[in-house]
Amino acid sequence: MEVRRALQSGSVEEAIDRVNDINPEILESHPELLFHLQQQRLIELIRSGRTEEALSFAAEFLAPQGEESPAFLEELERTVALLAFNEPHSSPVGDLMQLAQRQKTASELNAAILTAQAQEHEARLPMLLRLLQWAQSQLEETAVFPQIKDISTAELTGE
């Protein structure tokens, strides 16, 4: 939870440190995740206006990965393009500056942590609620029974 909170607040270095405290092999075994974390760090440097540091970071850490993978190179080019605009938030690649980008990276990191801990990628409760709704819809075709109308209050039909 602390890892996700750190990443969502823009503290990418702290999130990486915490992941390495949990299990250092997570980032070693997920090069795409490591790239996305470093990409998010670059975005945070750009967000804070540290242009020179952002360029240096991109050249040192992200460019070598971009040389190895065309997909990484394309993502790196999109991210570095933020530097070409005075207002990166409103640029054609401004979606990278939105909080949704942090959320996307945090979700990817969370899935890798859960996998490393041999847990499911998705929380069980939402999956069980979808299963309940599906079961109710299947059963209502053949039987009359009290159904849960509102999941948040567990209100049944016919009460």
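Residues numbered from 1 in each chain as written. Predicted model: local features only at pLDDT ≥ 70, side-chain atom pairs only at ≥ 80, totals over all residues. Heavy atoms only, no water.

**Looking at the environment of phenylalanine 57**
Thought 1: Residue position: phenylalanine 57 is located in helix α5 (residues 51-68).
Thought 2: With twelve residues separating them along the chain, phenylalanine 57 and leucine 45 place their C-alpha atoms 8.9 Å apart.
Thought 3: Apart from the residues within four sequence positions on either side, phenylalanine 57 is in contact with Gln38, Arg41, Leu42, Leu45 and Leu62. (Helix = DSSP H or I, 4+ residues; strand = E, 2+ residues; numbered from the N terminus. Contact = heavy atoms within 4.5 Å.)

**Regarding the pattern of salt bridges**
Thought 1: What the rule picks out here adds up to seven salt bridges.
Thought 2: Glutamate 13 is paired through a salt bridge with arginine 41; the nearest N and O atoms lie 2.7 Å apart. Highlighted residues: glutamate 13 in helix α2 (residues 12-22) and arginine 41 in helix α4 (residues 31-47), separated in sequence by 28 residues.
Thought 3: The partly exposed category is assigned to glutamate 13, whose relative accessible area is 35%.
Thought 4: Arginine 41 gets classed as partly exposed once you look at its relative accessible area, which sits at 24%.
Thought 5: Its salt-bridge partner being aspartate 95, residue arginine 78 comes within 2.7 Å of it at the nearest N-O pair. Of the two residues, arginine 78 sits in helix α6 (residues 70-80) while aspartate 95 sits in the loop between α6 and α7 (99-116), which places them 17 residues apart along the sequence.
Thought 6: When salt bridges with common partners are traced through the structure, they connect Glu2, Glu14 and Arg18 into a single cluster. (Salt bridge = Lys/Arg side-chain N within 4 Å of Asp/Glu carboxyl O. Buried < 20%, exposed > 50% of the residue type's maximum accessible area, 1.4 Å probe, protein only.)

**Examining the packing of α4 against α6**
Thought 1: At their nearest, the axes of α4 and α6 sit 10 Å apart, and the two run at 10 degrees to each other. Here α6 runs roughly parallel to α4, going by the angle between their axes. Every residue of α6 that contacts α4 at Pro31, Glu32, Phe35, His36, Gln39, Leu42, Ile43 and Ile46 is listed here: Phe72, Glu75, Leu76, Thr79 and Val80.
Thought 2: Of the residues belonging to the contact of α4 with α6, the class tally is eight nonpolar, three polar and two charged. (Axes fitted to C-alpha atoms, helices over the stretch in contact; angles between N-to-C directions. Parallel < 35°, antiparallel > 145°, perpendicular 65-115°, else oblique. Nonpolar A, V, L, I, M, F, W, Y, C, P; charged D, E, K, R; others polar.)

**Details of the packing of aromatic side chains**
Thought 1: On inspection of all chains with the given rule, the structure shows two aromatic pairs.
Thought 2: Ring geometry for phenylalanine 35 against phenylalanine 72: centres 4.4 Å apart, planes inclined by 5 degrees, an arrangement best described as stacked. Of this pair, phenylalanine 35 sits in helix α4 while phenylalanine 72 is found in helix α6, placing the two residues 37 residues apart along the sequence.
Thought 3: Relative to phenylalanine 61, the ring of phenylalanine 57 has its centre 5.0 Å away and its plane inclined at 40 degrees; by these criteria the two rings are tilted. You can see phenylalanine 57 and its partner phenylalanine 61 sitting in helix α5, four residues apart, about one turn around the helix.
Thought 4: With a relative accessible area of 6%, phenylalanine 57 lands in the buried category.
Thought 5: The exposure class of phenylalanine 61 is partly exposed, given its relative accessible area of 34%. (Phe/Tyr/Trp six-rings, centres within 6.5 Å; stacked < 30°, edge-to-face > 60°.)

**Some remarks on α7**
Thought 1: End to end, α7 covers 26 Å across 18 residues, agreeing with the expected 26 Å (1.5 Å per residue, within 8%).
Thought 2: The inward-facing, buried residues of α7 contact α1 (2-8), α2, α3 (25-28) and α4. (Expected span 1.5 Å × (residues − 1).)

**Quick look at the side chain of glutamine 40**
Thought 1: Topologically, glutamine 40 is positioned in helix α4.
Thought 2: Note on glutamine 40: relative accessible area 0%, which makes it buried.

**Considerations on the packing of α5 against α6**
Thought 1: Contact geometry of α5 with α6 gives a least axis separation of 5 Å together with a crossing angle of 140 degrees. Comparing their axes, α6 and α5 come out oblique. Relative to α6, α5 is oriented so that their crossing is left-handed. Taking contact as the criterion, the partners of Ala58, Leu62, Ala63, Gln65, Gly66 and Glu68 in α5 are, on α6, Pro70, Phe72, Leu73, Leu76 and Val80.
Thought 2: The residue makeup of the contact of α5 with α6, split by class, is eight nonpolar, two polar and one charged. (Left-handed = near helix turned anticlockwise from the far one by under 90°.)

By themselves, these figures tell us nothing about what the structure is for.
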